[in-house]
Amino acid sequence: MLNGAKFFEQLVINVVKLPGVKVDRTEFLAKSFSKHVTAKQLADILEKGPVQSNVSKKLIRRVAKKTILNRTMKSSSASFAAGLPGGVVMAATVPADTAQFFGVALRVAQEIGYIYGYEDFWSENGLDVNRVSGELIFVSRCHVWCRRSDGHH
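Residues numbered from 1 in each chain as written. Predicted model: local features only at pLDDT ≥ 70, side-chain atom pairs only at ≥ 80, totals over all residues. Heavy atoms only, no water.

A. Highlighting the pattern of salt bridges. Overall, the coordinates contain 3 salt bridges when judged by the stated rule. Lysine 48 is the salt-bridge partner of aspartate 44, the closest N and O atoms lying 3.1 Å from each other. On the criterion of helical spacing, the pair formed by aspartate 44 and lysine 48 is a turn pair, its members being 4 residues apart in helix H3 (residues 39-48). Notably, a salt bridge pairs glutamate 111 with arginine 107, separated by 3.3 Å at the nearest N-O pair. Of the two residues, glutamate 111 and arginine 107 are both situated in helix H5 (residues 87-115); the distance of 4 residues between them amounts to about one turn of the helix. Judged by relative accessible area, arginine 107 falls into the buried class, the value being 18%. A network of salt bridges, in which partner residues are shared, links Arg71, Arg107 and Glu111. (Salt bridge = Lys/Arg side-chain N within 4 Å of Asp/Glu carboxyl O. Helix = DSSP H or I, 4+ residues; strand = E, 2+ residues; numbered from the N terminus. Buried < 20%, exposed > 50% of the residue type's maximum accessible area, 1.4 Å probe, protein only.)

Printed below as a string of structure tokens:
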């Protein structure tokens, strides 16, 4: 049986193989900030990250909230659609729904991490599991705390 750390590592390794989990840092930041900053500032954001590029806290927070809301809506819609058949068919969707949950959580953690200035979690060799197990878990917990402090549960 796997201990907690090894189980998490295996879970992450398997979930990142799902389509749509990997976030391209450059593409994501460009899409998220291009409508809000100059071309020069966007180039700086892509190189150093929003925080290190002196993007206002207000804009960073607004982009983060929009990202979380957008991802939550997409995830909720997919979960609702998967649960429509009901009965025996629904029971078969539980493992897929669990994988989807972890995939969405990992994707949101990457996006929020990039918004707040984290380096790319991916290298030529794939996901850096050691960084993920520390930094993305921290980012995920911050996401939960931020939602609670805003009155969301």
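B. Representation of the packing of aromatic side chains in the model. Within the structure shown, the criterion is met by 2 aromatic pairs. Relative to phenylalanine 121, the ring of tyrosine 118 lies with its centre 5.9 Å away and its plane at 25°, an arrangement referred to as stacked. Every member of this aromatic cluster is reached through a ring pair, and the members are Tyr114, Tyr118 and Phe121. (Phe/Tyr/Trp six-rings, centres within 6.5 Å; stacked < 30°, edge-to-face > 60°.)

C. Looking closely at the environment of valine 23. Position of valine 23 among the secondary structure elements: in the loop between helix H1 (4-15) and helix H2 (25-33). Beyond its immediate stretch of four places on either side in the chain, valine 23 contacts Phe28, Arg107, Gln110, Glu111, Tyr114 and Trp122. (Contact = heavy atoms within 4.5 Å.)

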